[in-house]
Amino acid sequence: MNWAAMLYPLVAVMIWAMNAVVNKLSAGVIEPAAISFYRWVLAFLILTPFCIVGTWRNWQQLKPLLWKFAVLGFLGMAVYQCLAYYAAYTISATMIGIFLSLTPLLTIILSLLILRTPLTVGLLVGSGLSFFGITWLISGGNPAILLDIGIGKGELMMLIAASAYALYGVLTMKWKIQAQVSTWQSLYWQVIFGVLILVPLFAMTDNVAITRENVNLILFAGIPASIIAPFLWLQGVARLGASKTSLFMNLSPLFTAIISILFLHESLEPYHIIGGAICLIGVIIAQRVNKVVSLEALRKRANKKAFE
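Every value quoted in this text rests on a predicted model; they were computed, and no experiment measured them.

Student: So what's going on with the overall build of the protein? Residues and values would help.
Tutor: In terms of helices and strands, the protein carries 17 helices and 0 strands. For the protein, the residues scored as buried account for 48% of the 308 residues in total. Within the protein, contacts between residues separated by at least 24 positions form 88% of all contacts whose residues are at least 6 apart in sequence. For the protein, the exposed surface amounts to about 15700 Å²; the carbon and sulfur share of it is 70%.

Okay, structure coming up:
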């Protein structure tokens, strides 16, 4: 076991867990559109001195990929981050962390649909468990109540945000971006398009002032969460492989809960523990149980029962 290599994704997930707390702290201090925009502008300014020469040299190679970078920037930098900031107005940082931990499972499901990966027993069982766990969390331990009140805006936003980031990962694999350009060039151009896409939303926002209360939040979101954590994560992928590295995302709700309790004084309710544990078990089963399901066998079994 390469214990040193495990530190890379471990620290990356810790940073992202801290950023979930930053999302919560930003609510009421700075508008979601403003912190999203400033975050990626800051990342752009920091990356430009290191990436501009490579962009100039590899322009012909980069040019055909620009539309793909635009799609990835929209999903990863605009939709994913903005919705997380908006969701923080109505749900806790602990809940944000739990929803983000579903990203690996959503990635597997989207890979099944887009990349035509085989359907596995783990995916079927894990999806069912995770769905039940999320239902338990959203309802506060009383799923029947959802029939009357439905799903809250914050929870729906986080589900869309996690789905957008899962789609981001699947499209990155489908398009084989890392095999065509360097990781930093890819990140740089995604950041550029993320900034451009966020400009209209930023322009329609009234309060965009940078103050003493929000400047540290912007700095954390723009440097550790947007540059350092992705670098560490990619280092983990290079050393451990994508599948093993993705397992570390399962620690996101644990880290987020601990940080939220210490710094935000959020309470950890029994339904958080139960629902989060069910979600976690579902994600692990989906990733670890790889027995392929034969669709033909399922059809034959269904037909046999129909005639009985």
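Student: Go over a nonpolar patch on the surface, please, and point to the residues and values.
Tutor: On the surface, Val121, Leu124, Val125 and Val289 cluster together to form a nonpolar patch covering roughly 270 Å² of accessible area. Relative to the elements of secondary structure, valine 289 occurs in the loop between helix H16 (270-288) and helix H17 (295-307). By relative accessible area, valine 289 is classed as partly exposed at 34%.

Student: Kindly report on the packing of aromatic side chains, identifying the contributing residues and their values.
Tutor: The tally for this structure, following the rule as stated, stands at 11 aromatic pairs. Taking the centre distance of 5.2 Å and the plane angle of 65° together, the rings of tryptophan 67 and tryptophan 175 count as edge-to-face. Taken together, the residues span a long stretch of sequence, with tryptophan 67 in helix H4 (residues 66-87) and tryptophan 175 in helix H9 (residues 153-175) at a distance of 108 residues. Both rings, one in tyrosine 188 and one in tryptophan 189, keep their centres 6.3 Å apart while their planes meet at 75°; by these two values the pair is edge-to-face. Comparing tyrosine 188 with tryptophan 189 shows no difference in burial state: the two are buried. An aromatic cluster is built from Phe44, Trp59, Tyr188, Trp189 and Phe193, whose rings are joined through pairwise contacts.

Student: Tell me about the packing of H4 against H9, residues and numbers included.
Tutor: Orientation of H4 relative to H9, taken along the N-to-C sense of each, is 160°, at an axis distance of 8 Å. Our classification of the angle between H4 and H9 gives roughly antiparallel. Both H4 and H9 take part in a crossing whose hand is left-handed. Of H9, the residues touching H4 (which contributes Trp67, Lys68, Val71, Leu72, Leu75, Gly76, Val79, Tyr80, Leu83, Ala84, Tyr86 and Ala87) are Gly154, Met157, Met158, Ile160, Ala161, Ala164, Tyr165, Leu167, Tyr168, Leu171, Thr172 and Trp175.

Student: Describe the nonpolar core, with residues and values.
Tutor: General note: in soluble globular proteins, nonpolar side chains tend to be found buried as a group. Judged by nonpolar contacts, the single largest core of 86 residues is most densely connected at Phe69, Met158, Trp189 and Val191. Ranked by the residues each element gives to this core, the list is headed by H4, at 13 residues. Setting aside its immediate chain neighbours within four residues, methionine 158 contacts Ala84, Ala87, Ile91, Ile96, Phe99 and Leu100.

Student: Can you explain H9? Please cite residues and give values.
Tutor: With 23 residues, H9 ought to run about 33 Å at 1.5 Å a step, and its terminal C-alpha atoms sit 32 Å apart, in line with that. When we look at burial in H9, the residues that qualify are Gly154, Glu155, Met158, Ala161, Ala162, Ala164, Ala166, Tyr168, Val170, Leu171, Thr172 and Trp175. Looking one or two residues beyond H9, the residue adopting positive phi is lysine 176, at roughly 55°.

Rules behind the numbers
Residues numbered from 1 in each chain as written. Predicted model: local features only at pLDDT ≥ 70, side-chain atom pairs only at ≥ 80, totals over all residues. Heavy atoms only, no water. Helix = DSSP H or I, 4+ residues; strand = E, 2+ residues; numbered from the N terminus. Buried < 20%, exposed > 50% of the residue type's maximum accessible area, 1.4 Å probe, protein only. Contact = heavy atoms within 4.5 Å. Areas by Shrake-Rupley, 256 points an atom, 1.4 Å probe, with all protein chains shown as cover. Patch = residues over 30% accessible without salt bridge, like charges linked within 9 Å, V, L, I, M, F, W, Y side chains within 5 Å. Salt bridge = Lys/Arg side-chain N within 4 Å of Asp/Glu carboxyl O. Phe/Tyr/Trp six-rings, centres within 6.5 Å; stacked < 30°, edge-to-face > 60°. Axes fitted to C-alpha atoms, helices over the stretch in contact; angles between N-to-C directions. Parallel < 35°, antiparallel > 145°, perpendicular 65-115°, else oblique. Left-handed = near helix turned anticlockwise from the far one by under 90°. Core = buried A, V, L, I, M, F, W, Y, C linked by side-chain atoms within 4.5 Å. Expected span 1.5 Å × (residues − 1).

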